Amino acid sequence: MDKQTFWKLIETARAEAAPDQVAARAAQLLAGRPAAEIAAAQQVLWDLLAESYRAPLWAAAYVINGGCSDDGFDYFRGWLLTQGEAAFAAALGDPDSLAAHPAVREAAAEGLELWDEEALSIAWQAYESATGRELPSDSFTIGYPDLDPAWSFDFGDSEETSARLPRLSALFD
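Report follows, based on the coordinates. (Residues numbered from 1 in each chain as written. Predicted model: local features only at pLDDT ≥ 70, side-chain atom pairs only at ≥ 80, totals over all residues. Heavy atoms only, no water.)

### Regarding the overall build of the chain
- In terms of helices and strands, the chain carries 10 helices and 0 strands.
- Ordered by position from the N terminus, the helices and strands of the chain form the series α-α-α-α-α-α-α-α-α-α.
- What you see for the chain is a C-alpha radius of gyration of 16 Å, in line with the 16 Å of a compact globule of 173 residues.
- Put simply, the chain has 173 residues, and 46% of those count as buried.
- Contacts in the chain between residues at least 24 apart in sequence constitute 71% of all its contacts with a sequence separation of at least 6.
- When the accessible area of the chain is evaluated, it comes to approximately 8,500 Å², of which 48% is carbon and sulfur surface.
- Placing the 11 positive and 29 negative side-chain charges of the chain at their respective mean positions leaves the two points 8 Å apart. (Helix = DSSP H or I, 4+ residues; strand = E, 2+ residues; numbered from the N terminus. Rg over C-alpha atoms; globule rule 2.2 N^0.38 Å. Buried < 20%, exposed > 50% of the residue type's maximum accessible area, 1.4 Å probe, protein only. Contact = heavy atoms within 4.5 Å. Areas by Shrake-Rupley, 256 points an atom, 1.4 Å probe, with all protein chains shown as cover. Lys, Arg positive; Asp, Glu negative; His and termini not counted. Charge placed at Lys NZ, Arg CZ, Asp CG, Glu CD.)

Shown next as structure tokens:
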């Protein structure tokens, strides 16, 4: 399992499931693959989570969800994964671009939070479904980079956040 195969899995799940069921459908699709490939998918998922562990994205999640704890940031990135590779890459390149995402616009209008805890366990669910056993803990490693110190400010500081994420701040004002 590599990133491209993982993203194809997500795109297929997106095409076949309602937005709130993408993670469950991805787990179902992944469960049909060999156990070793399922286990490898967990490493790909954690690598993507590490890639998205960025302070600017965390600030965007804070604005969108009206606050964002450590776990909340994990769940937000889970949601972002279920939006597909293009949305994921765009958000990493410019977190403020999320202001144009239809689900983000709906969240702003309806007062919704965007998160998907289930997305973090796609491979866990698939592995258990396929084998009847838990995913081996040695099949993946987790390592997050240091956060950008230039973004080390209180995300609740609306003046600073507005200066750095103007479109999102305006949308959620």
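The discussion continues.
### Details of the packing of helix H3 (residues 35-51) against helix H8 (residues 122-131)
- Interhelical geometry of H3 versus H8 gives an angle of 170 degrees and a closest axis separation of 8 Å. With respect to H8, the axis of H3 lies roughly antiparallel. For the pair H3 and H8, contact is made by Ala35, Ile38, Ala39, Ala41, Gln42 and Leu45 and by Ile122, Ala123, Trp124, Ala126, Tyr127, Ala130 and Thr131, respectively. (Axes fitted to C-alpha atoms, helices over the stretch in contact; angles between N-to-C directions. Parallel < 35°, antiparallel > 145°, perpendicular 65-115°, else oblique.)

### Section: helix H2 (residues 22-31)
- Within H2, 7 of the 10 residues are buried, which leaves the element mostly enclosed by the surrounding structure.
- Every buried residue of H2 is listed here: Val22, Ala23, Ala24, Ala26, Ala27, Leu30 and Ala31.
- Where H2 is buried, its residues contact helix H1 (3-16), H3 and H8.

### Here we look at a negative patch on the surface
- Among the surface-exposed residues, Asp70, Asp71, Glu117 and Glu118 lie close enough to one another that they form a single negatively charged patch.
- Looking at where Asp71 falls in the secondary structure, it is placed in helix H5 (residues 70-81). (Patch = residues over 30% accessible without salt bridge, like charges linked within 9 Å, V, L, I, M, F, W, Y side chains within 5 Å. Salt bridge = Lys/Arg side-chain N within 4 Å of Asp/Glu carboxyl O.)

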